[in-house]
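Descriptive analysis of the structure
If you want the building blocks of each chain, they are given just below.
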Amino acid sequence: MPVLELKGITKAFPGVLANDHISLTLEDGEILALLGENGAGKTTLMNILYGLYKPDEGEILVRGKNADIHEPNDAIRCGIGMVHQHFMLIPVMTVTENVMLGIEPVKNGLFLDREKVARRIREISEQYGLEVDPNAYVKDLPVGTQQRVEIIKVLYRQADILILDEPTAVLTPQEVEGLFKILHTLVQKGKSIIFITHKLKEVMAIANRITVLRGGRSVGTVLPAEMNPEKLASLMVGRQVSLVVEKAEAKPQGMTLEVKDLFVRDDHGNLVVNNITFEVHAGEVLGIAGVQGNGQTELVYSLTGLLPSLSGTIHVAGKPIQNTSPRHILEQGVAHVPEDRQKHGLVLTFPIHDNMVLCTYYLAPFARGVVLQEQEILATSEKLAKQYDVRTPSVFVNAGTLSGGNQQKIIIAREFSRPIKLLIASQPTRGLDVGSIEYIHNRIIEKRDEGTAVLLISSELDEILALSDRIAVMYKGQFVDIVPAASVTKEYLGLLMAGIKPENAPAAPSGQRTIEVDL
Amino acid sequence: MKTKTSFTRSRLIPGIVIIVTGLLIFLLFAINTQPQVTSRFGMNISASSEAIQIPDLVVPAQTGIYVLALVTVFFGAWQMARGIRSTGALIGIVAFSFVASFLIWATQGKSFNMVGMLSSSLVRATPIALAALCGVISERAAVVNIGIEGTMLLSAQAAVISATVSHNLYVGLVVAILTGGLVAAFHAFMVIRFKVNQIVSGVAINIFATGATSFISSRYLEKHTDLFNNSGTFPIISIPLLSKIPILGPVLFENSLVVYLTMLLVVVLQVVLFYTPWGLRTRAVGEHPKAADTLGIDVFFVRYVNVIIGGMIAGLGGAYFTIGSVGRFDEVMTAGKGFIGLAAMIFGKWNPVGAFTSSLIFGFTDSLQVKMQILGTPIPSEFLLMAPYIVTMIVLTGIVGRAMPPAADGEPYEKQ
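About the cut-offs
Residues numbered from 1 in each chain as written. Chains lettered and ligands numbered in written order. Predicted model: local features only at pLDDT ≥ 70, side-chain atom pairs only at ≥ 80, totals over all residues. Helix = DSSP H or I, 4+ residues; strand = E, 2+ residues; numbered from the N terminus. Rg over C-alpha atoms; globule rule 2.2 N^0.38 Å. Buried ≥ 20, exposed ≤ 12 C-beta atoms within 10 Å, placed from the backbone. Contact = placed C-beta atoms within 7 Å. Nonpolar A, V, L, I, M, F, W, Y, C, P; charged D, E, K, R; others polar. pLDDT = per-residue confidence, 0-100. Expected span 1.5 Å × (residues − 1). Core = buried A, V, L, I, M, F, W, Y, C linked by C-beta atoms within 7 Å. Domains from an automatic or database assignment. Axes fitted to C-alpha atoms, helices over the stretch in contact; angles between N-to-C directions. Parallel < 35°, antiparallel > 145°, perpendicular 65-115°, else oblique. Left-handed = near helix turned anticlockwise from the far one by under 90°. Pairing = 2+ DSSP bridges. Arc of directions from axis to C-beta.

Observations regarding the overall build of chain A
The secondary structure content of chain A amounts to 17 helices and 24 strands. Since a compact globule built from 519 residues should have a radius of gyration of about 24 Å, the 25 Å found for chain A is in line with a globular shape. Taking the principal axes of the C-alpha coordinates as reference, chain A spans close to 70 × 55 × 50 Å. Counting across all 519 residues of chain A, residues that qualify as buried make up 46%.

Below you can see the structure in the form of structure tokens.
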């Protein structure tokens, strides 16, 4: 008998059918991968299972019995536990407090029994190999450890069905290995796991069975042994996709971006960029790899004028730009595809045509004196929308109503249509569908071949490997190393991302090679 | 290298500030003090007090100020050379020596009842502390209640009317607490159920309260004072034995019911907030409501309960104004104490004990400026009255001891 069965789950949001009669089964002691693109309905389905959303139709069976799940408490009672993609931890509280929250044991009938919970956490740690200090504050823990706290939270509630929503998104390759080891231990001790992801390789590595979702529907359940990444990808996307970014050898020319001895503090006064020096040449892509939160964001902010630097110099094509205004910087020919496109990339409540000219609205031909030239703006926007494949009914639609991929294409259109010398692209494909990723990757390579210097920041190692000519790895505000992309292995980068620089870099086969991209 | 220089600078600036304070003490007070004159500080609240009488403290004015100035400069130098770890200690040193030398200077050749002032500081801090506690308990659950002022005003009036009509002060107290709870429940309903902007709802309560109480006051209370607006006040209760302790006795243990309740509430709320399941849930809801929700905690329920309990505390604060101190209602008699309470809450870093301590500072300066008027110091008392607010603003800028509000403070929670 399966431990968990979903039958005909349907959930509609205004305008979208997020889940369309999805059914799946989870057998005892197995790892079931739920594979699908962003927006395929994976997270919606799991939130229904966990009682965060109400399904419009369908039923949930736990161990053969009909389970009425209306709120998380019901799910917890049924033995279902969820590790959310965005951790549900309270940073200012300790591990113990986070774990006990909601089912607090008391002593003397009134007071929190922290010791008891801490003891239990130590037991769970030991049993499943989840090392963590119960008295540490969550905000002081690295992301990988925070994830362990989330798993402990679930185990403390004696869940035997674990749902992990995109658990590897924030981890280094080594941490992913560690997580997989933990998952295997859990399964051996009798737990059953649903593993949500959009990464093909992970699925192949860990799943016993794979259920693929596309556009809110289940398109089949397969065994990894019968599949290969290409087949899985086409099942997931619904058409043949190219897993390889095709690009010619880079032809780097003169120096475009030169950063020397840069120090930056974040809003909380922490030194997050700590003495960084590098340069990017025209016609090459420098990729900055690293786990999120190691100073990449602040480095980009200081390069684009969003955050002042403490000291150091930044030159674009020979001109100093450190601590000048964003407008001054973009007028030097710097394009910025920001990490948070909804916050820094677009004015969501503005129509597409206004967003298309955010960098140039004050210049001819879009402005004459203080008056905006509507006709000119509209004509240009319509041309750009067509050229950059922005799928929208018209340019009068508010940017906020478009999908992530189309929003990103507006930004790409705006930034790439200006004469630029340097492109700073930060997480350019985060959360996008495979089609848009392909498109944006090709555009970036196109810009490189036109002689633009490209600085690519991404936490997706595969994206870095696919696009970069040289790779810098950032850890705790510093570059651990800068290596040529053609002669580096993923394992070596993984070590660098964890802040370890091996004495002898493992030699990789030189020459032509193709890089697979996890979609 | 980088971190080291900034570390030195972080030691240097407070050091300089302390030394400058020391010099200011010298320039402002020492130079203007007559030699051979003494300052007399009364250490007994009055002859009728139950406390054991102790001799007054007599300080040779000029010598005393010189010593304080020197001590301050010494600590400044110490800070620059070695560094004093705790920011609290730094502020304490500066504040103590400055205030002490100011008092010696102002009292030179006169006598000043020290214990009397401390006692009135606590009394004056009481409504501020209650407002601050109301703020702490609601904002810890992420609901901003700026309507505390209005809540207290309504409760104050409700208290005096019901106490006068029923001839029973305890009835007045209960009615005040219920009124506070009711007003807060309205606020909670608006901001939790309908997601009305929390500031707007709070301001609306304040405006309504001012209008409504003023109307009732001028229409009924002023005309039929004996019928509605003459309740009498809670008597001073001396706690046996404890009130005999010199200095502490008269300040802490010769007070009225409302003051005792306030001190009790501070302790109870501190324990509840940090050592009980309810407190843990409250803080979780204030920091990360979604996380609390995924663990099966009813975010809305926690917020309702906290805001309403907060309102009841503010209701108690309202009762202080009428049946707790003067026995009648005057228009707009809360005089901004509710807002000062919010400042005390921030100054106290959203902790009950911290909020109470900062309320005491506000109460102290308040009572100090009254005493200064009596002593006839050349400094306009309004300047003294400003001091705590200037301190508050400095605190709010984050230069000294940055205060972090609960992460979700003021944000409505959307459940999908």
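With respect to the overall build of chain B
Looking only at helices and strands, chain B features 16 helices and 5 strands. Relative to its length of 416 residues, chain B is compact, with a C-alpha radius of gyration of 23 Å against a globular reference of 22 Å. With the principal axes as the frame, chain B shows a C-alpha extent of 65 × 65 × 40 Å. The buried share among the 416 residues of chain B stands at 49%. Considering only contacts within chain B whose residues lie at least 6 apart along the sequence, 78% involve residues at least 24 apart.

Here's the deal with the interface of chain B and chain A
Contacts between chain B and chain A engage 19 residues on the former and 21 residues on the latter. Of all the secondary structure elements, the ones that give two or more residues to the side of chain B that touches chain A are α1 (2-30), α11 (277-287) and α12 (289-294) of chain B. A per-class count over the side of chain B that touches chain A returns 8 nonpolar, 6 polar and 5 charged.

Describing the confidence of the model for chain A
Residues and elements named next belong to chain A. Chain-level pLDDT for chain A is 88 on average; 96% of the residues reach the 70-or-more range. For chain A, the element scoring lowest by mean pLDDT is helix α8 (residues 229-237), at 83; helix α3 (residues 95-100) scores highest, at 96. Below a pLDDT of 50 lies the segment residues 507-519, which in the model reaches 29 contacts outside its immediate sequence neighbourhood of four places, other chains included.

Here we look at helix α14 (residues 404-416) of chain A
Residue and element names in this part refer to chain A. For α14, with 13 residues, the first-to-last C-alpha span of 18 Å sits near the 18 Å given by 1.5 Å per residue. Buried residues dominate α14, accounting for 12 of its 13 residues. Among the residues making up α14, those that are buried are Gly-405, Asn-406, Gln-407, Gln-408, Lys-409, Ile-410, Ile-411, Ile-412, Ala-413, Arg-414, Glu-415 and Phe-416.

Quick notes on the nonpolar core
One finds Leu-49, Ile-80, Ile-163 and Phe-195 of chain A together with Leu-133, Ala-159 and Ala-344 of chain B to be the most contacted residues of the largest nonpolar core, which totals 184 residues. For this core, the element with the most residues is helix α4 (residues 114-139) of chain B, which contributes 15 residues. Ranked by size, the runner-up nonpolar core spans 79 residues in total, among them Leu-257, Tyr-301, Met-356 and Leu-465 of chain A.

Description of the domain arrangement of chain A
In terms of domain boundaries, chain A breaks down into domain 1 (4-237), domain 2 (242-333 + 420-519) and domain 3 (343-418). Between the C-alpha centres of domain 1 of chain A and domain 3 of chain A the distance comes to 40 Å.

Focus on the environment of Ile-323 of chain B
Residues and elements named next belong to chain B. Relative to the helices and strands, Ile-323 is located in helix α13 (residues 299-326). Since 31 C-beta atoms lie within 10 Å of it, Ile-323 is described here as buried. In the structure, Ile-323 is positioned 293 residues away from Ala-30 in sequence and 44 Å away in space, judged by C-alpha atoms. Not counting the four nearest positions on each side in its chain, Ile-323 is found in contact with Ala-159, Val-160, Ala-163, Leu-169, Gly-172, Leu-173, Ser-231, Thr-233 and Phe-234.

Observations regarding the domain arrangement of chain B
Residues and elements named next belong to chain B. Its domain assignment divides chain B into domain 1 (2-109) and domain 2 (116-360). Centre-to-centre, using C-alpha coordinates, domain 1 lies 34 Å away from domain 2. Classifying every residue of the side of domain 1 that touches domain 2 by side-chain character gives 5 nonpolar, 2 polar and 1 charged.

Notes on the packing of α4 of chain B against helix α14 (residues 337-347) of chain B
Residues and elements named next belong to chain B. At their nearest, the axes of α4 and α14 sit 7 Å apart, and the two run at 60° to each other. Relative to α14, α4 is oriented oblique. Judged by the sense of rotation from one axis to the other, the crossing of α4 with α14 is right-handed. Together, Pro-127, Ile-128, Ala-129, Ala-131, Ala-132, Gly-135, Val-136 and Glu-139 of α4 and Lys-337, Gly-338, Ile-340, Gly-341, Leu-342, Ala-344 and Met-345 of α14 make up the contact between the two elements. Looking at side-chain class alone, the contact of α4 with α14 contains 10 nonpolar, 3 polar and 2 charged residues.

Examining the pairing of strand β15 (residues 285-289) of chain A
All names here are of chain A. Within β15, 5 of the 5 residues are buried, which leaves the element mostly enclosed by the surrounding structure. Here β15 shows a buried face lined by Val-285, Gly-287 and Ala-289 and a second buried face lined by Leu-286 and Ile-288. As paired elements, β15 and strand β22 (residues 453-457) share 4 bridges and run parallel to each other. Paired with Gly-287 across the two strands is Leu-456, which belongs to β22. The sheet contact formed by β15 and strand β23 (residues 470-475) spans 4 bridges and is parallel. When the sheet's bridge partners are listed, Ala-289 is paired in β23 with Val-473.

Comments concerning the sheet that holds strand β1 (residues 4-13) of chain A
All names here are of chain A. The strand order across the open sheet formed by 4 strands is β2-β1-β4-β5, and the pairing between neighbours is antiparallel. Single-partner strands in this sheet number two, and they are β2 (16-26) and β5 (65-67). Shown here is a sheet whose adjacent strand axes are inclined to one another by a mean of 30°, direction ignored. Bridge count between strand β4 (residues 57-62) and β5: 3 bridges; the pairing is antiparallel.

Focus: unusual backbone geometry
Note that the residue after Ala-364 of chain A, namely Pro-365 of chain A, is joined by a cis bond; omega there is 5°. The residue Pro-365 of chain A is located in the loop between α12 (352-356) and β19 (367-368) in this model. Despite not being glycine, Ile-247 of chain B shows a phi value in the positive range, around 60°. Its location among the elements puts Ile-247 of chain B in the loop between β4 (237-238) and α9 (248-252). For Ile-247 of chain B, a count of 17 C-beta atoms within 10 Å puts it in the partly exposed group. With a phi close to 55°, Lys-349 of chain B is a non-glycine residue in the positive phi region.

Considerations on the environment of Thr-397 of chain B
Residue and element names in this part refer to chain B. Relative to the elements of secondary structure, Thr-397 occurs in helix α16 (residues 381-397). Note on Thr-397: 9 C-beta atoms within 10 Å, which makes it exposed. Between the C-alpha atom of Thr-397 and that of Leu-27, which follows or precedes it by 370 residues, the distance is 29 Å.

Thoughts on helix α4 (residues 114-128) of chain A
Residues and elements named next belong to chain A. Its 15 residues give α4 an end-to-end C-alpha distance of 21 Å, which sits within 8% of 21 Å, the value for a rise of 1.5 Å per residue. Taken together, the buried positions of α4 are occupied by Val-117, Ile-121 and Ile-124. Take α4 and look down its axis: the buried residues cluster within an arc of 65°, on one side only. Away from the buried face of α4 by more than 90 degrees, exposed residues Glu-115, Glu-123, Glu-126 and Gln-127 are located. Where α4 is buried, its residues contact α3 and α5 (143-156). Downstream of α4 by a residue or two, Gly-129 has a phi angle that is positive, lying close to 70°.

Regarding the sheet that holds strand β6 (residues 80-83) of chain A
All names here are of chain A. Pairing is mixed in the open sheet, where 6 strands are placed in the order β6-β9-β10-β3-β11-β12. In this open sheet, the two edge strands, each paired with only one partner strand, are β6 and β12 (217-222). Between one strand and the next, the sheet's axes are offset by a mean angle of 20°, whatever the strand orientation. In the sheet, strand β3 (residues 31-35) pairs with strand β10 (residues 192-197) via 5 bridges, with the strands oriented parallel. Each bridged residue has a counterpart across the sheet, and for Ala-33 the counterpart in β10 is Phe-195. Relative to the sheet, α8 contacts β3, β11 (209-214) and β12, its axis offset from that of β11 by approximately 35°.

Things to note about the pairing of strand β18 (residues 334-337) of chain A
Residue and element names in this part refer to chain A. Taking every second residue as pointing to the same face, both faces of β18 are buried, with Val-334 and His-336 on one and Ala-335 and Val-337 on the other. Pairing of β18 with strand β21 (residues 422-426), which is carried by 4 bridges, proceeds in the parallel orientation. In the sheet register, His-336 faces β21, and the bridge partner there is Ile-424.

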